[in-house]
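So the chains spell out like this:
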Amino acid sequence: MKLHMQGLSKSYHAGHPVLDVPEGTLGEYGLEGLIGPNGAGKSTMMGLLTRRIAPSTGSVTLEDGKTTHRLNPLKSHDVARLGLVKTNQRIQGFESLTIRDSLRLAATPFGQETYRGVLRDTTMDAAIETEIDAYLARFKFDDPDGFAKSGGEKKLLDILRCMILKPRMLLMDEPTAGLPDDVTQEVMKLVGEKVKAKEMTVVIVEHDLELIWKHCKYVHFLSEGAILFHGTPKDVKKNRVVAEKYMGI
Ligand SMILES: Nc1ncnc2c1ncn2[C@@H]1O[C@H](COP(=O)(O)OP(=O)(O)OP(=O)(O)O)[C@@H](O)[C@H]1O
Ligand SMILES: [Mg+2]
């Protein structure tokens, strides 16, 4: 899946937009990075792409190989139904559901997602329960029938909830911030498997540049709301603008 941005901008106040992308494409290379300094507009871009944030100008289209979908008229849950899903930089919720139930909620067919419905549902597909058990074991949750406690656990749960939705394109906003190193490695292994199997296209926002260089095939550099450079990790690493504006070299 690919996302095209055309004349896409977001301004909160009259004057300087926080994002301004005349033209751009994400998702051509399987696993891509989106990097840039704090406040560059990375989360804003991901919010615009998934219709969590309404643009000030411009449009977004999603290409799924057969159809080109105009996303502007859609709500974020319609976008998710098309297979485009986003993880969150800041995590909320998870207080009222156990770890297992919040994964079961993610697996509930669209339109039936009510807490009580999920908890009462004893007919949930055995294959989904098996998949959930496999994730719980793979990521070694101490107490899957308790509540997520640490920020890291909630962050991981947010990622796994997205995985259970089986998106065709996944946008990850600082997925590994706050995760222990071994969990980060396992998350990246999981992402790598999905991309390799061509099950999904992934775009990752991260400040951990080593992770970006190691895993991404292509990297977009955003600064002050504009995509200033994009290329292979090798090209981005040696680009002067990136070095000056972000790496402080
Ligand atoms: N709701 C809002 N109202 C006003 N300004 C906002 C709002 N949301 C974001 N901004 C501003 O937009 C700019 C871009 O923010 P954004 O969160 O997209 O940056 P980012 O690249 O994700 O940064 P970080 O790496 O710190 O997460 C920032 O200057 C921010 O203060
Ligand atoms: Mg951000």
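The notes below deal with the structure included here.

1. Observations regarding the overall build of the protein
Here comes step 1: On a plain count of helices and strands, the protein comes out with 10 helices and 10 strands.
Here comes step 2: Its C-alpha atoms give the protein a radius of gyration of 18 Å, within 12% of the compact-globule value 18 Å for 249 residues.
Here comes step 3: Taken over the C-alpha atoms alone, the protein extends approximately 55 × 40 × 35 Å along its principal axes.
Here comes step 4: Long-range pairs, those at least 24 residues apart, make up 67% of the contacts in the protein with a sequence separation of at least 6.

2. A closer look at helix H6 (residues 151-164)
Here comes step 1: In a regular helix each residue adds 1.5 Å, so 14 residues correspond to 20 Å; H6 covers 20 Å between its end C-alpha atoms and thus fits that length.
Here comes step 2: Of all 14 residues in H6, 11 are buried; the element is thus mostly enclosed.
Here comes step 3: Taken together, the buried positions of H6 are occupied by Glu153, Lys154, Lys155, Leu156, Leu157, Asp158, Ile159, Leu160, Arg161, Cys162 and Met163.
Here comes step 4: Looking at the buried positions of H6, the neighbouring elements they touch are strand S6 (84-86), helix H3 (99-107), helix H5 (126-138), strand S7 (169-173) and helix H7 (181-196).
Here comes step 5: Following H6 by one or two positions, Lys166 has its phi on the positive side, about 50°.

3. Quick word on unusual backbone geometry
Here comes step 1: A positive phi angle, close to 65°, is found at Arg51, a residue other than glycine.
Here comes step 2: Along the chain, Arg51 falls in the loop between helix H1 (42-49) and strand S4 (57-63).

4. Side note on the sheet that holds strand S5 (residues 68-70)
Pairing between the strands of a sheet comes from backbone hydrogen bonds, and it takes one of two forms, parallel or antiparallel.
Here comes step 1: Spatial ordering of the open sheet is given by S2-S1-S4-S5, a layout of 4 strands whose pairing is antiparallel. Each edge of the open sheet carries a strand with a single partner, namely strand S2 (19-26) and S5. Looking at each pair of strands side by side, their axes are set apart by 15° on average, direction ignored.
Here comes step 2: Against the sheet, H1 touches strand S1 (2-10), S2 and S4, its axis set at about 115° to S1.

5. Some details on the environment of Leu105
Here comes step 1: Note that Leu105 resides in helix H3.
Here comes step 2: Overall, Leu105 belongs to the partly exposed group, with 19 C-beta atoms counted inside 10 Å.
Here comes step 3: Residues Leu105 and Leu34, 71 residues apart in the sequence, show an inter-C-alpha distance of 29 Å.

6. Structural notes on the nonpolar core
Here comes step 1: Counting residues in hydrophobic clusters, the biggest one holds 54 residues, and the most contacted among them are Leu170, Val202 and Ile204.
Here comes step 2: Top contributing element to this core by residue count: H6, with 6 residues.
Here comes step 3: Setting aside chain neighbours within four positions, we find Ile204 in contact with Gly33, Leu34, Met172, Pro175, Ile212 and Cys216.

7. Focus on H7
Here comes step 1: With 16 residues, H7 should cover 22 Å at 1.5 Å per step; its first-to-last C-alpha distance of 22 Å lies within 8% of that length.
Here comes step 2: Lys198, located one to two residues past H7, shows a positive phi value of around 60°.

8. Quick word on the sheet that holds S7
Here comes step 1: Strand order across the open sheet formed by 6 strands is S6-S7-S8-S3-S9-S10, with mixed pairing between neighbours. At either end of the open sheet lies a strand with only one pairing partner, and these are S6 and strand S10 (226-231). Here the strands of the sheet are splayed against their neighbours by 15° on average, with no regard to which way each runs.
Here comes step 2: The pairing of S7 with strand S8 (residues 201-205) spans 5 bridges and is parallel. Across the sheet, Met169 pairs through a bridge with Thr201, a residue of S8.

9. Let's talk about the packing of H3 against H6
Here comes step 1: Their axes nearest at 8 Å, the elements H3 and H6 cross at an angle of 30°. Comparing their axes, H6 and H3 come out roughly parallel. With respect to the hand of their crossing, H3 and H6 are arranged in right-handed fashion. Within the contact between the two elements, H3 uses Ile99, Ser102, Leu103, Ala106 and Ala107 and H6 uses Leu157, Leu160, Arg161 and Ile164.
Here comes step 2: Of the residues belonging to the contact of H3 with H6, the class tally is 7 nonpolar, 1 polar and 1 charged.

10. Describing the packing of H3 against H5
Here comes step 1: Closest axis-to-axis distance for the H3/H5 pair is 10 Å, and the angle between their directions is 135°. When the axis of H3 is compared with that of H5, the two are oblique. Between H3 and H5 lies a crossing whose hand is right-handed. Judged by residue contacts, Arg100, Leu103, Arg104 and Ala107 of H3 engage Ile128, Ile132, Tyr135 and Leu136 from H5.
Here comes step 2: Grouping the constituent residues of the contact of H3 with H5 by class yields 6 nonpolar, no polar and 2 charged.

Parameters at a glance
- Residues numbered from 1 in each chain as written.
- Chains lettered and ligands numbered in written order.
- Predicted model: local features only at pLDDT ≥ 70, side-chain atom pairs only at ≥ 80, totals over all residues.
- Helix = DSSP H or I, 4+ residues; strand = E, 2+ residues; numbered from the N terminus.
- Rg over C-alpha atoms; globule rule 2.2 N^0.38 Å.
- Contact = placed C-beta atoms within 7 Å.
- Expected span 1.5 Å × (residues − 1).
- Buried ≥ 20, exposed ≤ 12 C-beta atoms within 10 Å, placed from the backbone.
- Pairing = 2+ DSSP bridges.
- Axes fitted to C-alpha atoms, helices over the stretch in contact; angles between N-to-C directions.
- Core = buried A, V, L, I, M, F, W, Y, C linked by C-beta atoms within 7 Å.
- Parallel < 35°, antiparallel > 145°, perpendicular 65-115°, else oblique.
- Left-handed = near helix turned anticlockwise from the far one by under 90°.
- Nonpolar A, V, L, I, M, F, W, Y, C, P; charged D, E, K, R; others polar.

Keep in mind that these numbers describe shape and distance, not what the molecule does.
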